[in-house]
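# Commentary on secondary and tertiary structure
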Amino acid sequence: MSREQRQALDRQLRAAPQAAGPASVEDQRAGFARFMGQFPVPSEITRSPIELGGRPAVLVRPATDPHPGTILYFHGGSFSLGSPETAMALTARLVRQTSVPAISLDYRLAPEHPFPAGIDDCLAAYRELLDQGAHPSSIVLAGDSAGGGLAVTTTLAARDQGLPLPAGIVAFSAGLDHTRSGASMSSRRDADPLFTIEGMRRTGDLYLAGQDPHQPLLAPAVLADLTGFPPILLQVGTNELLLDDSVRLADRARDAGVDVILDVVADVPHVFPAFTGVLDEADEAVERAALFITQRLRHRST
């Protein structure tokens, strides 16, 4: 681990240009795409446009013969920004490390499509994989930020509709509580170089569209019953307003008898695994996530 790497990244993120005031959704989307476009995509993969669950998606395959299974990936972006392309660097690294193909879903975004549209799209994609003949034990749900939250809430929705559950869940810096009641929302206020409470409330309001956040699909870290869930890997940094989202979900998983791994890494920012090649901790995190995925697929297929 490198303290110098972490400090340099923190300075770089804090020095990035900031909007003078609240930006339009269109400007936020363009800015987010530019920022995420800086992350290099490994060359050892192929990308193909497909459709899944009635939504556009991208099939990401390793350059060599793929291993059995599917990573169903949900991108981040506060439920209102992003696309499969903005998460492609992290998605592709998982594919390269595991040799397991991934499908990254272009789910609907707020404010045009508020809660629960994104969950509905992710569930429809998972259901179609099952309808196509994929065994649930051959599927891992993964995502970053809002997409990490969707990996959890899609599993909740699947369980509540009587569908068989996937082999596992991987969530990087997941957004898991729209009540914003975690202690880290205040305690990590100065440590987080990317987010402010005010900004998160604005994007949260777009997703909620006036709906009560006090429900399991909007605040699983606070309200969800995780009974019957597959094993979960949660990775989060201490320099995050969302730190306690992952910490509290891990507590709920443990209390429900669910196998859960909670990786909390000191002094790293939101979705720190995206910074491979910049942070040693990011490279290690992706390796751990890849190992979790391969072990889950191997375990459930035997």
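Further up the page is the structure itself.
What comes next is a walk through the structure. Since this is a predicted model, take the numbers as computed values, not measurements.

Reading the values: rules and limits
- Residues numbered from 1 in each chain as written.
- Predicted model: local features only at pLDDT ≥ 70, side-chain atom pairs only at ≥ 80, totals over all residues.
- Heavy atoms only, no water.
- Helix = DSSP H or I, 4+ residues; strand = E, 2+ residues; numbered from the N terminus.
- Buried < 20%, exposed > 50% of the residue type's maximum accessible area, 1.4 Å probe, protein only.
- Contact = heavy atoms within 4.5 Å.
- Pairing = 2+ DSSP bridges.
- Axes fitted to C-alpha atoms, helices over the stretch in contact; angles between N-to-C directions.

## Topic: the environment of Ala151
- Checked against the element boundaries, Ala151 lands in helix H5 (residues 146-160).
- Classification of Ala151 by relative accessible area gives buried; the value is 0%.
- Put simply, Ala151 and Gly168 are 17 residues apart on the chain and 9.6 Å apart in space, counted from C-alpha to C-alpha.
- Those residues in contact with Ala151, other than ones at most four positions away along the chain, are Phe74, Leu141, Ala142, Ile169 and Val170.

## Notes on the sheet that holds strand S2 (residues 55-62)
- The eight strands lie next to each other as S1-S2-S4-S3-S5-S6-S7-S8, forming an open sheet whose pairing is mixed. Edge positions in the open sheet fall to strand S1 (45-52) and strand S8 (260-265), since each of these has one partner strand only. Recorded for the sheet is a direction-independent mean angle of 20° between the axes of neighbouring strands.
- Where strand S3 (residues 70-74) and strand S5 (residues 139-144) come together, five bridges link them in parallel fashion. Of the residues in S5, the one forming a bridge with Leu72 is Leu141.
- Docked against the sheet, helix H3 (residues 88-98) engages S1, S2, S3, strand S4 (102-105), S5 and strand S6 (168-172), running at close to 40° with respect to S2.
- The strands touched by H5 within the sheet are S3, S5 and S6, with S5 carrying the most contacts at an inclination of about 145°.

## A look at unusual backbone geometry
- Residue Pro111 follows Ala110 across a cis peptide bond; omega there is 5°.
- Inspection of the secondary structure assignment puts Pro111 in the loop between S4 and helix H4 (117-131).
- Non-glycine residue Ser78 carries a positive phi angle of around 60°.
- Positive phi values are uncommon outside glycine, yet Arg180 reaches one of about 55°.
- Here Arg180 is to be found in the loop between S6 and helix H6 (184-187).

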